[in-house]
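In case you want the letters, here they are:
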Amino acid sequence: MGTFFEPSLIFTSIPKLLSYLHITIEILVLSVALGLLLGILIAVPKLYNVPILKEIMTVYISFIRGTPILIQLFLVFYGLPVVVGLFGVDITRMDPFYFVIITYTLSNAAAFAEIFRAAIKSVDYGQTEAAYSVGFTAWQNFYRIVFPQAIRVAFPNIANTSISSLKDTSLAFSIGVMDMMGRGDTLISATAHALEIYLALSVIYYVIVLIFERCFKWIERYLNRYILKEESSL
Amino acid sequence: MIQLSNIHKSFGKTEVLKGINMQVNKGDIISILGPSGSGKTTLLRCINFLEKANEGSIAIDDIALDVKHATKKDIVALRKKTAMVFQSYNLFQHKTVLQNITEGLVVVQKKSEKEAIEIAKTMLAKIGLEHKADAYPSALSGGQQQRVGIARALALNPEVILFDEPTSALDPELVGEVLDVIRKIAKEGITMIIVTHEMNFARDISNRIVFMDGGVVVEEGSPRDVFNNPKHDRTKQFLRRLTPEYTYEI
Ligand SMILES: Nc1ncnc2c1ncn2[C@@H]1O[C@H](COP(=O)(O)OP(=O)(O)OP(=O)(O)O)[C@@H](O)[C@H]1O
Ligand SMILES: [Mg+2]
């Protein structure tokens, strides 16, 4: 343990930590992208009231919501090899990185599914009827009319969930993934200065979050381009 | 030509349409009148399967469907022959005025973007909204939105345009501009079925009036016959209530 505070260590450790930034970003981008896809699939049975599947999805979503992500991470890390082992597949030596991706994808998907469901429901059904009256198929209506508008409604929530997810990636280190946190841990061991390293890490996470928030704001503004001050059109 | 035969429709236990027969010839402009709840909207929606009738058959042009056995493909094919103008406009909110019109042309009719835009511009000229081509629906007045709704329907060049109370969501001062647009396109020989509570408009524009009550067609005929010389008591009552100042021969 270091005995006194050494501010310069904050600045010298930042580049060292940043060299592992790509791992954090990879985890985030993959788990958000896959989570979005899976989230849509999970939302569908609930939207269209598919029996049985709908109940399974409800339980799934509520389980993910009701348990800490760290526990989910360990459940996947220790549990998945057991489950696939039953089918004769050995993944005990799989890179922990993939367990992280799987866990965060599953977790994000549950959150995104609920976001999508509410957003899709919020699109006025009259437009769907208009699309049908023109001769659209259900699929054409979904991807040309409903989905683009649902995305607008869903986006701010998707953005928030993604930012939480970015912060959660710092837990990947608990199952041995060498990301910024992992690198931070080795730096702490090497320098015996924990506070400086954690300060450096918090600066990095905070700046990334700020950058993301700024980007999300731009996207949001674009998605809202067709929404006018309601008052003026009345 | 459009032929509706024996259309029945129930919601739960209530039968809303009790065997409707109707023939519509090319170029007909038919107004459907009737008291609230008589099934006018439901009938219109059964024609393009927004509501699936329980029984009966629908024929439009070369497509004839027994509603009970209509497949998804049949339904889409039938819808391609029709277009609808909705009470609440139902414009695609995320598309510009121009895109609202080109959307169906490109997606359903597989026209090229260029051709679709050309058609859309012609339609916009017709409804007097060329200058709003790039506006979003939320920036338009109700009357303007409904005119776009009409242009969207018209652009598809359908066998028939179905209008469900196209002006009843509008502020009174905006009704005129929409009725004028419908009058204008009526002159082009497009087949139209219009559900409306605008009696004077219906009388001027239609070549046939259909009066519905309680899920059946009570009476139909030329506007003169139905307005000046209604045969059924229910028609008389309805007209008396709606147009108290209007005198007809008994
Ligand atoms: N989706 C539905 N579910 C249940 N009942 C319905 C539904 N749609 C219509 N109805 C009922 O069917 C009857 C006929 O309704 P419809 O909308 O066709 O009447 P309408 O003649 O268009 O009346 P209005 O002049 O008020 O528009 C009404 O009693 C209505 O309550
Ligand atoms: Mg109605």
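Residues numbered from 1 in each chain as written. Chains lettered and ligands numbered in written order. Predicted model: local features only at pLDDT ≥ 70, side-chain atom pairs only at ≥ 80, totals over all residues. Heavy atoms only, no water.

Rule in force here: UniProt positions are given in the numbering used here, feature names are shortened, and annotations may be inferred rather than shown by experiment.
Under an unreviewed UniProt entry, chain B has the name Amino acid ABC transporter ATP-binding protein and belongs to Lysinibacillus composti. Its UniProt record, at the heading Subcellular location (unreviewed entry), says of chain B: "Cell membrane".

Chain A carries the name Amino acid ABC transporter permease in an unreviewed UniProt entry, which gives Lysinibacillus composti as its organism. Reading the Subcellular location (unreviewed entry) entry of the UniProt record for chain A gives the comment "Cell membrane".

Side note on the packing of aromatic side chains
Heads up, the condition is: Pairs were defined over the aromatic rings of Phe, Tyr and Trp, the Trp ring being its six-membered one, requiring ring centres within 6.5 Å. Orientation was assigned from the angle between planes: stacked under 30 degrees, edge-to-face over 60, tilted for the rest. Secondary structure counts use DSSP, requiring at least four H or I residues in a row for a helix and at least two E residues in a row for a strand, with both numbered from the N terminus.
As enumerated under the stated definition, the model contains 13 aromatic pairs over all chains in all. Geometrically, the ring pair formed by F211(B) and F238(B) is tilted, given 5.1 Å between the ring centres and 45° between the ring planes. Taken together, the positions of F211(B) in strand β9 (residues 208-213) and F238(B) in helix α9 (residues 233-242) put the pair 27 residues apart, joining distant regions of the chain. Three or more aromatic residues link up through ring pairs in this structure, and these residues are F116(A), W139(A), F142(A), Y143(A) and F147(A).

Some details on the pattern of salt bridges
Pairing is possible between side chains of opposite charge, provided their charged atoms come close. This is how it is decided: When a carboxyl oxygen of Asp or Glu lies within 4 Å of a side-chain nitrogen of Lys or Arg, that pair is called a salt bridge. The rule is simple: take the accessible area with a 1.4 Å probe, protein chains only, and divide by the maximum for that residue type; under 20% is buried, over 50% is exposed, in between is partly exposed.
Evaluated as defined, the whole model comprises 16 salt bridges over all chains. Across the salt bridge formed by D180(B) and R183(B), the nearest N and O atoms sit 3.5 Å from each other. Note that D180(B) and R183(B) are positioned in helix α6 (residues 172-186) at a spacing of 3 residues, about one turn of the helix. Across the pair R183(B) and D204(B) runs a salt bridge whose closest N-O atoms are separated by 3.5 Å. Residue R183(B) is located in helix α6, and its partner D204(B) is located in helix α7 (residues 199-205); the two are separated by 21 residues in the primary sequence. In this structure R183(B) comes out as partly exposed when scored by relative accessible area, which is 28%. For D204(B), a relative accessible area of 52% gives the class exposed. Among the charged side chains, a salt-bridge network with shared partners connects K46(A), E114(A) and R117(A).

Things to note about the site of ligand 1
Residues and elements named next belong to chain B. As a reminder, the rule being used: Any residue with at least one heavy atom within 4 Å of a molecule or strand is counted as near it. Think of a polar contact as two N or O atoms within 3.5 Å of one another; within protein, one of them needs to be a possible hydrogen donor and the other a possible acceptor, and neighboring residues in sequence only count if both atoms come from side chains. Accessibility throughout is a Shrake-Rupley quantity obtained with a 1.4 Å probe, and a residue counts as covered only by protein chains that appear here. By the convention adopted, Pro, Cys, Tyr, Trp, Phe, Met, Ile, Leu, Val and Ala count as nonpolar, Lys, Arg, Asp and Glu as charged, and the other residues, Gly among them, as polar.
Ligand 1 sits among F11, V16, P35, S36, G37, S38, G39, K40, T41, T42, E165 and H197. One of the side-chain N or O atoms of E165 is found 3.1 Å from an oxygen atom in ligand 1. With the chains in place, 58% of the 630 Å² that ligand 1 exposes on its own is no longer accessible. Sort the elements by how many residues they give to the shell around ligand 1 and helix α1 (residues 40-47) lands first, with 3 residues. Within the shell around ligand 1, the residues separate by chemical class into 3 nonpolar, 7 polar and 2 charged.

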